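Listed below are the residues making up each chain.
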Amino acid sequence: MMRSRLLWPLVALAALLVLNVAVTPSFLELRIQDGHLFGSTVDILRNGAPTVLIAVGMTLVVATRGIDLSVGAVAAIAGSIACTYIAGGGSAVTAVLLALSVCVLLGLWNGFLVSVLGIQPIIATLVLMTAGRGGAMLLTEGQIITVKSSLYREIGAGFLILPIAILISLAVLVAVALLTRRTALGMLIEAVGVNPMASRLAGVHSRTIIWTVYVFAALCAGVAGLMISSNVSAADANNAGLWIEMDAILAVVIGGTSLAGGRYSLAGTLLGALVIQTLTTTVYTIGVPANVTLVFKALVVIAVCLLQSPRTAQLLQKRRKSPRSTSRSPEVAAG
Amino acid sequence: MRGISVEFPGVKALSDVDFRLLPGEVHALMGENGAGKSTLIKALTGVHSPTTGVIHLSGERVTFTAPGQAQAAGISTVYQEVNLCTNLSVAENIMLGREPRRLGGIDGRATRAEAAGLLARIGLTIDPASILASHPIAVQQLVAIARALAVEAQVLVLDEPTSSLDAEEVEELFRIMRVLRAEGVAILFVSHFLDQVYEIADRMTVLRNGALIGEYLPAELSRIELVSAMLGRELGTLHEVQRRSDARHPRAEPVLVASGLGRTGAIEPFDLDIRAGEVVGLAGLLGSGRTELARLLFGADRADTGTLTVNGQSGRPRGPRSAIAQGIAFCSEDRKAEGVVADLTVRDNLVLAMQAARGWARPVPRRTAEAVVAEYIEKLDIRPADPEAIMSTLSGGNQQKVLLARWLITRPRLLILDEPTRGIDVGAKAQIQKVVADLAAEGMAVLFISAELEEVVRVSDRVVVLRDRRKVAELTGDDVSVDHVMSVFAAPHAHTGAVAS
Amino acid sequence: MSTLALSPTRLPQRFLPVMATFVVFVITFGVGSFRYEGFASGQVVANLFVDNSFLIVLAVGMTFVILTGGIDLSVGAVAALSTMIAAAALDAGWPPLLAVLAVLATGTGLGLLMGLVIHHFDVQPFIVTLAGMFLARGLCFLISVESVSIDDPSFRDLATGTIALPGGVTLTYSVLIALAVVLAAVYVLHLTRFGRTVYAIGGSESSARLMGLATTRAKVGVYMVSGFCSALGGLLFSLYMLSGYGLHGVGMELDVIAAVVIGGTLLAGGSGYVAGSVAGVLVLGTVQTLISFEGTLSSWWTKIVIGVLLLAFIALQRLVVRRRP
């Protein structure tokens with residue numbers, strides 16, 4: 001079932017790549033310059049790295065039947081903290097550690113609201129989504145804070161043959177995949193997502209598991225926020241990570257994980273994030289105004305979701321079947 | 001209904017079934033779980049469209065594609081699980097969809113007045129304007145029946161309406177059914193309780209595996225014949241579950257001792273001890289505190305007072321996890337909400353408790369998992385015997401077996417079974433009873449809760465009787481009999497404590 | 001069976017969240033009047049309505065959707081699209097009435113589309129309306145990337161026209177429209193079968209279906225109502241701004257959801273009142289006014305305060321739900 005769900009996002013991605021090659025024949029070319037790998041596909045991966053990272057965290061949250069709307073705000077906070085600290089003369093390493101520990105605290109807060117107080121995830125995280133960006137603005141006093149730290153710049157703009165941002169995201173993805181599938185964590189997360197009460201009575205530590213995924217999602221968001229701000233060596237509390245939570249949720253859903261919780265697919269999430277990022281890039285290369293990308297995004301999302309919907313499969317099946325049953329069923333024949 | 005077939009993708013739920021329902025009769029529809037009773041009802045009430053076949057209502061051919069159409073045609077249904085909206089008021093629930101209107105809007109006062117009339121008709125004295133959620137399930141079930149009466153129905157379908165009612169309420173329901181029958185309403189009645197069927201039904205139709213077995217008059221068919229028609233096999237399995245307790249020798253050392261354990265509004269403080277190798281039955285009417293007691297022992301709900309001593313360690317139960325660590329297992333009565341993890345496989349469901357006890361970092365080794373899963377699928381005859389099958393596709397009885405196995409795998413010292421046989425077919429029921437007897441013989445302590453007295457009496461060495469959220473008696477030895485338990489239920493109330501909601 | 005008779009005290013509990021919202025409104029307003037001279041004037045109250053008339057309309061639509069247990073993230077974008085269509089149509093010389101009808105039809109149509117997808121393909125409302133949000137925003141920029149100003153005289157008259165109330169207080173026509181929408185919504189929700197079905201779906205969709213209610217119509221209908229309200233809210237917003245722009249109302253959906261939740265509507269559906277949502281909007285408006293009166297506080301404090309308020313109301317709702325038997 002999961003495999004068939006990945007079919008349509010794969011088709012979408014392939015179609016987008018073909019379209020790109022048709023428009024720009026050099027699209028798939030890669031070249032190495034100063035030991036760095038360059039090319040359009042590398043750019044797509046690099047621009048998509050923060051989304052992939054956040055989407056990985058989001059996948060686990062969604063699998064527990066939750067959602068985290070605050071990741072964009074958390075990303076903005078992480079960038080703001082790091083840049084304010086560095087701008088105040090602090091070292092990059094301390095700045096990163098400081099930012100990430102704050103993110104862990106924010107994740108603990110979200111997790112507390114959801115798992116201990118039992119507040120609906122969408123509302124619980126809406127609190128931080130609204131207040132968090134306000135907090136980031138407060139921190140930067142509404143200014144864009146620029147920093148000059150070559151070490152800090154490495155996170156988002158550095159290269160290790162491939163851009164470091166890609167390597168970080170992929171490493172996290174692989175680590176999470178191994179951690180959840182090689183241990184029983186994945187199964188327990190899914191069990192909690194499908195039936196929290198039954199899991200609790202079976203002795204599953206639901207509260208801890210739910211709490212953990214929110215902390216992890218916030219941590220992912222924090223790293224992504226650092227990537228975003230490091231890439232431009234600046235913190236923009238207003239715009240950094242704006243709508244990235246929506247992109248991440250879309251990536252998760254396109255990847256075949258249901259918002260109703262349960263079975264999840266990290267490979268699907270990666271695919272979903274790539275579809276979204278490739279789409280954005282494609283629209284740029286075709287030369288459509290940036291804001292109009294949204295229309296295409298909407299269409300692709302709807303198309304993939306409709307094609308994945310079990311209901312569509314049913315309808316198609318019925319259509320195929322109906323000629324036979326008409327001849328057999330007296331009712332239909334009479335009507 | 002003639003030649004009704006209903007197919008779902010890949011499954012033929014009902015094949016070529018004829019069914020007739022006459023005005024002024026109570027017609028019982030019998031069958032095991034998965035026999036097609038619910039599917040037939042849903043075809044009649046417009047929830048599913050039959051793939052083939054026709055439905056005639058009062059001589060006219062009808063086709064329903066939505067529940068609303070069937071209702072408009074005079075077919076009114078009360079489902080097993082209360083299908084009402086608990087966020088709305090009692091009156092709104094009764095009148096929803098057919099509220100009286102005045103001046104272009106719904107007339108709230110007339111709605112409440114009409115609802116009050118219907119409630120009076122079934123002898124329920126509750127405020128029609130109160131929110132449905134503020135009433136216990138049994139009352140909600142009666143409200144659902146009042147709703148069914150609101151339409152001047154020609155056909156009334158009652159799909160296991162009695163599973164959450166106590167004896168008194170069942171009598172009340174039967175009184176109403178008799179009145180309606182006299183008025184010429186055709187009543188389709190589904191129940192797992194054979195006594196009830198023989199008490200009220202004029203005729204019965206038996207289904208098995210989606211096919212029609214036959215239509216009988218109760219006088220022509222003995223209970224044993226009925227059961228064997230439903231099961232399609234000889235009754236060997238049933239006879240196996242004679243009282244086996246004589247063969248067991250409970251040890252002296254108690255596995256669990258509760259002293260003065262209680263929780264305000266749930267159950268008064270009680271004392272209880274359970275020894276290894278014995279089955280303790282818990283009998284009580286609905287709302288007597290059966291489930292509440294079990295949940296306290298397991299720590300699913302927190303106790304306010306008292307202590308629990310397990311394996312010599314005393315304390316207040318802290319929660320399911322610590323209870324499990326002490327070797328206590330608990331199968332909830334609410335299979336769907338508190339037991340089954342529907343989207344996962346049978347394998348995952350089976351190893352869930354074992355895995356949860358080990359923690360996420362130490363997965364059950366693949367080979368061990370395969371072995372125990374295969375062992376218990378075979379032992380409990382879980383069907384389909386496929387560990388990769390998705391849990392939600394199993395029948396109720398098989399799901400229950402999986403849940404039972406989920407705990408057996410953890411080898412608990414005390415197993416608490418809350419209504420393990422409710423709503424499942426006779427075959428699975430007998431199997432579960434047999435497993436319980438075997439477990440006790442192997443030295444496990446079992447606390448067995450069931451609304452069916454015969455079952456409790458048959459399975460248990462001792463029976464603890466609850467009434468009005470208080471432990472009122474403990475029967476042992478020859479005192480363990482249905483009559484005796486009934487007499488305790490019926491004894492004059494020693495305390496006139498209010499029944500909490 | 002008489003032992004089952006219960007007479008729970010229902011009224012206070014049912015209305016507790018809404019009353020709490022009004023209390024908070026009164027308190028915030030009281031704080032304002034205490035701290036600033038001229039805060040407790042009729043005109044400040046009137047301005048709460050004038051400045052937030054579009055939010056009220058959007059919140060009404062959102063209330064319908066949330067009552068069924070759904071959510072509509074597209075409202076801000078559809079409102080922006082409405083300003084854009086109105087501005088562009090008027091710019092192209094369409095008669096104002098036709099422009100208004102076109103806007104309302106587009107909004108309702110988009111709502112219908114989303115409702116159909118949600119219902120018939122069983123896709124989560126969150127995702128569908130998120131796509132709707134992208135679509136509507138994208139369509140704005142397809143019409144024009146720049147802001148388009150509205151110069152139509154009748155629009156300007158409607159925008160600047162005021163109604164004098166006794167005591168020197170003035171209102172705009174937008175306020176009247178918003179209040180009319182509120183009244184209509186109360187009527188529909190409480191006195192029609194459609195409205196009762198909306199509540200029933202929020203309580204239990206499968207039960208509502210088995211009871212034979214017209215659930216499909218209601219489920220698709222709420223998104224049409226929300227689409228219509230978004231379009232109308234967008235029109236009011238275009239009167240307020242006198243321009244159409246694709247970046248109007250960014251994040252407005254969050255304010256609307258916040259207002260509805262603060263107004264005591266449960267996101268799980270089935271419980272809440274339009275009056276509560278109006279009170280929620282007024283609370284948000286008062287907070288904004290307070291912060292602008294303060295002068296030294298920056299605008300992002302508004303967001304933080306909204307977040308804190310949200311939290312407070314969720315906590316309150318938890319308490320109410322817990323106390324139920």
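Predicted model, so just to flag it, every value in this text is computed and none were measured. (Residues numbered from 1 in each chain as written. Chains lettered and ligands numbered in written order. Predicted model: local features only at pLDDT ≥ 70, side-chain atom pairs only at ≥ 80, totals over all residues. Heavy atoms only, no water.)

A. Expanded view of the overall build of chain A. In terms of helices and strands, chain A carries 15 helices and six strands. For a compact globule of 335 residues, the expected C-alpha radius of gyration is about 20 Å, and chain A comes in at 22 Å, within 12% of that figure. Here chain A holds 335 residues, and 57% of them are scored as buried. By element, 67% of the accessible surface of chain A is carried by carbon and sulfur atoms, the whole surface being about 13600 Å². Averaging the positions of the 21 positive and the 11 negative side-chain charges in chain A gives two centres separated by 17 Å. (Helix = DSSP H or I, 4+ residues; strand = E, 2+ residues; numbered from the N terminus. Rg over C-alpha atoms; globule rule 2.2 N^0.38 Å. Buried < 20%, exposed > 50% of the residue type's maximum accessible area, 1.4 Å probe, protein only. Areas by Shrake-Rupley, 256 points an atom, 1.4 Å probe, with all protein chains shown as cover. Lys, Arg positive; Asp, Glu negative; His and termini not counted. Charge placed at Lys NZ, Arg CZ, Asp CG, Glu CD.)

B. Quick look at the overall build of chain C. A count of helical and extended segments in chain C gives 13 helices and four strands. The C-alpha radius of gyration of chain C comes to 20 Å, within 12% of the 20 Å expected for a compact globule of 325 residues. Across its three principal directions, the C-alpha atoms of chain C cover 70 × 55 × 35 Å. Within the span of chain C, comprising 325 residues, buried residues form 57% of the whole. Pairs at least 24 residues apart make up 76% of the contacts formed inside chain C by residues separated by at least 6 positions. Of the roughly 12400 Å² of accessible surface on chain C, a fraction of 67% belongs to carbon and sulfur atoms. Taking the average location of the 15 positive side-chain charges in chain C and that of its 13 negative ones, the two points are 22 Å from each other. (Contact = heavy atoms within 4.5 Å.)

C. Geometry of the pairing of strand E6 (residues 75-78) of chain B. Residue and element names in this part refer to chain B. Of the two faces of E6, the one carrying Ile-75 and Thr-77 and the one carrying Ser-76 and Val-78 are both buried. Alignment of E6 against strand E9 (residues 155-159), held across four bridges, turns out to be parallel. Looking at E9, one finds that Thr-77 is bridged to Val-157. (Pairing = 2+ DSSP bridges.)

D. Highlighting the sheet that holds strand E16 (residues 305-310) of chain B. Residues and elements named next belong to chain B. A sheet is described by the order of its strands in space; here four strands give the open sequence E14-E13-E16-E17, paired in antiparallel fashion. With one partner strand each, in any of the chains shown, strand E14 (267-275) and strand E17 (313-315) form the two edges of the open sheet. Adjacent strand axes in the sheet meet at a mean angle of 10 degrees when their direction is disregarded. Sheet analysis places E16 next to E17, joined by three bridges and oriented antiparallel. Looking across to E17, one finds that Leu-308 is bridged to Gly-315. Relative to the sheet, helix H10 (residues 290-298) contacts strand E13 (254-263), E14 and E16, its axis offset from that of E14 by approximately 65 degrees. (Axes fitted to C-alpha atoms, helices over the stretch in contact; angles between N-to-C directions.)

E. Fine view of the side chain of Thr-45 of chain B. Here Thr-45 of chain B shows up in the loop between helix H1 (37-44) and strand E4 (52-57). Discounting chain neighbours no more than four positions away, the residues touching Thr-45 of chain B are Ala-66, Pro-67, Ala-70, Ile-75, Thr-77, Tyr-79 and Val-157 of chain B.

F. Representation of empty space enclosed by the protein in the model. Overall, the coordinates contain seven cavities of 30 Å³ or more when judged by the stated rule. In this structure, the largest cavity occupies an estimated 150 Å³ of space. Taken together, 17 residues form the lining of the largest cavity, with Thr-77, Asn-83 and Arg-147 of chain B together with Leu-210 and Met-211 of chain C sitting closest to its centre. Elements supplying a minimum of two residues to the lining of the largest cavity: E6 and helix H5 (137-150) of chain B together with helix H9 (205-210) of chain C. (1 Å grid on protein atoms, 1.4 Å probe; cavity = no way out; pocket = protein on both sides within 12 Å on 5 of 7 lines; lining within 4 Å. Points joined across faces, edges and corners; volume = space filled by probe spheres on them.)

G. Seen up close, the pairing of strand E21 (residues 462-467) of chain B. Residue and element names in this part refer to chain B. Of all six residues in E21, six are buried; the element is thus mostly enclosed. Side-chain alternation along E21 places Arg-462, Val-464 and Leu-466 on one buried face and Val-463, Val-465 and Arg-467 on a second face that is also buried. Direction of pairing for strand E15 (residues 279-284) relative to E21: parallel, over a ladder of five bridges. Counterpart to Gly-281 in the pairing with E21 is Val-463. Bridge count between E21 and strand E22 (residues 470-476): six bridges; the pairing is antiparallel. By the bridge assignment, Val-463 is partnered in E22 with Leu-475. Linking E21 back to E22 in an antiparallel pair, the connection comprises two residues, with Asp-468 at a positive phi of about 50 degrees.

H. Seen up close, the pattern of salt bridges. Counting across every chain of the model gives 29 salt bridges over all chains. With a shortest N-O distance of 2.5 Å, Arg-203 of chain B and Glu-25 of chain B are connected by a salt bridge. Placement of Arg-203 of chain B in strand E11 (residues 203-208) and of Glu-25 of chain B in the loop between strand E2 (11-17) and strand E3 (26-30) is noted, with a sequence separation of 178 residues between them. This pair shows no difference in class: Arg-203 of chain B is buried, exactly as Glu-25 of chain B is. Across the pair Arg-295 of chain B and Glu-338 of chain B runs a salt bridge, and its minimum N-O distance is 3.2 Å. Taken together, the residues Arg-295 of chain B in helix H10 and Glu-338 of chain B in helix H12 (residues 335-338) connect sequence positions 43 residues apart. Each of the two residues, Arg-295 of chain B as well as Glu-338 of chain B, counts as buried. Residues participating in the shared-partner salt-bridge network are Arg-181, Glu-190 and Arg-263 of chain A together with Asp-348 of chain B. (Salt bridge = Lys/Arg side-chain N within 4 Å of Asp/Glu carboxyl O.)

I. Highlighting the interface of chain A and chain B. Facing the 26 residues of chain A at the interface are 38 residues of chain B. Summing the contributions of chain A and of chain B, the shared interface buries around 2600 Å²; its carbon and sulfur component is 64%. Where chain A packs against chain B, one counts one salt bridge. A salt bridge links Asp-348 of chain B to Arg-263 of chain A; its shortest N-O distance comes to 3.7 Å. (Buried area = accessible area lost by both parts, 1.4 Å probe.)

J. Structural detail: the sheet that holds E11 of chain B. Residue and element names in this part refer to chain B. The strand order across the open sheet built from six strands is E6-E9-E10-E3-E11-E12, with neighbouring strands paired in mixed fashion. Edge positions in the sheet fall to E6 and strand E12 (211-216), since each of these pairs with one other strand and no more. When the angles between neighbouring strand axes are averaged without regard to direction, this sheet yields 20 degrees. Where E3 and strand E10 (residues 186-190) come together, three bridges link them in parallel fashion.

K. A look at the interface of chain A and chain C. In this assembly, 47 residues from chain A lie in contact with 41 residues from chain C. Summed over both partners, the interface of chain A with chain C comes to about 3700 Å²; 83% of that surface belongs to carbon and sulfur atoms. At the surface where chain A touches chain C, the tally comes to zero salt bridges. Linking chain A with chain C are zero residue pairs in polar contact (both at pLDDT 80 or more). (Polar contact = N/O pair within 3.5 Å; in protein donor to acceptor, adjacent residues only side chain to side chain.)

L. How the structure looks around the packing of aromatic side chains. For the structure on display, the rule yields 14 aromatic pairs over all chains. Arranged with centres 6.2 Å apart and planes meeting at 80 degrees, the rings of Phe-298 of chain B and Trp-407 of chain B form a pair that is edge-to-face. Note that Phe-298 of chain B is positioned in helix H10 and Trp-407 of chain B in helix H15 (residues 396-408), a separation of 109 residues in sequence. As far as burial versus exposure is concerned, Phe-298 of chain B and Trp-407 of chain B are alike and both buried. An aromatic cluster is present here, built from Phe-25, Phe-29, Tyr-36, Phe-39 and Phe-293 of chain C joined pairwise through their rings. When the ring centre of Tyr-264 of chain A is taken as reference, the NZ or CZ atom of Arg-181 of chain A above it lies at 4.3 Å. A cation over an aromatic ring shows up here: Lys-297 of chain A above the ring of Phe-134 of chain C, its NZ or CZ 4.8 Å from the ring centre. (Phe/Tyr/Trp six-rings, centres within 6.5 Å; stacked < 30°, edge-to-face > 60°. Lys NZ or Arg CZ within 6 Å of the ring centre and 35° of its normal.)

M. Here's a closer look at the nonpolar core. Counting residues in hydrophobic clusters, the biggest one holds 335 residues, and the most contacted among them are Tyr-152 of chain A, Leu-297 and Phe-298 of chain B together with Phe-126 and Ile-127 of chain C. Looking at this core, the element that brings in the most residues is helix H2 (residues 42-67) of chain C, giving 14 residues. Once residues within four sequence positions are removed from consideration, Tyr-152 of chain A is found in contact with Gly-79, Ala-82, Cys-83, Ile-86, Ala-92, Val-96, Val-147, Leu-226, Ser-229 and Ser-230 of chain A. Judged by nonpolar contacts, the second largest core, of 19 residues, contains Leu-44, Val-62, Ile-75 and Val-157 of chain B. (Core = buried A, V, L, I, M, F, W, Y, C linked by side-chain atoms within 4.5 Å.)

N. Unusual backbone geometry, seen in detail. Following Arg-383 of chain B, the chain continues into Pro-384 of chain B via a peptide bond in cis, with omega recorded as -5 degrees. As for its position among the elements, Pro-384 of chain B is in the loop between helix H14 (366-379) and H15. Its identity as a non-glycine residue notwithstanding, Trp-243 of chain A has a phi of 65 degrees, on the positive side. Structurally, Trp-243 of chain A can be placed in the loop between strand E6 (234-236) and helix H11 (244-254). Within the chain, Arg-411 of chain B stands out as a residue other than glycine whose phi angle is a positive 50 degrees. Relative to the helices and strands, Arg-411 of chain B resides in the loop between H15 and strand E19 (414-418). Among the residues examined, Arg-411 of chain B registers a relative accessible area of 62% and is labelled exposed.

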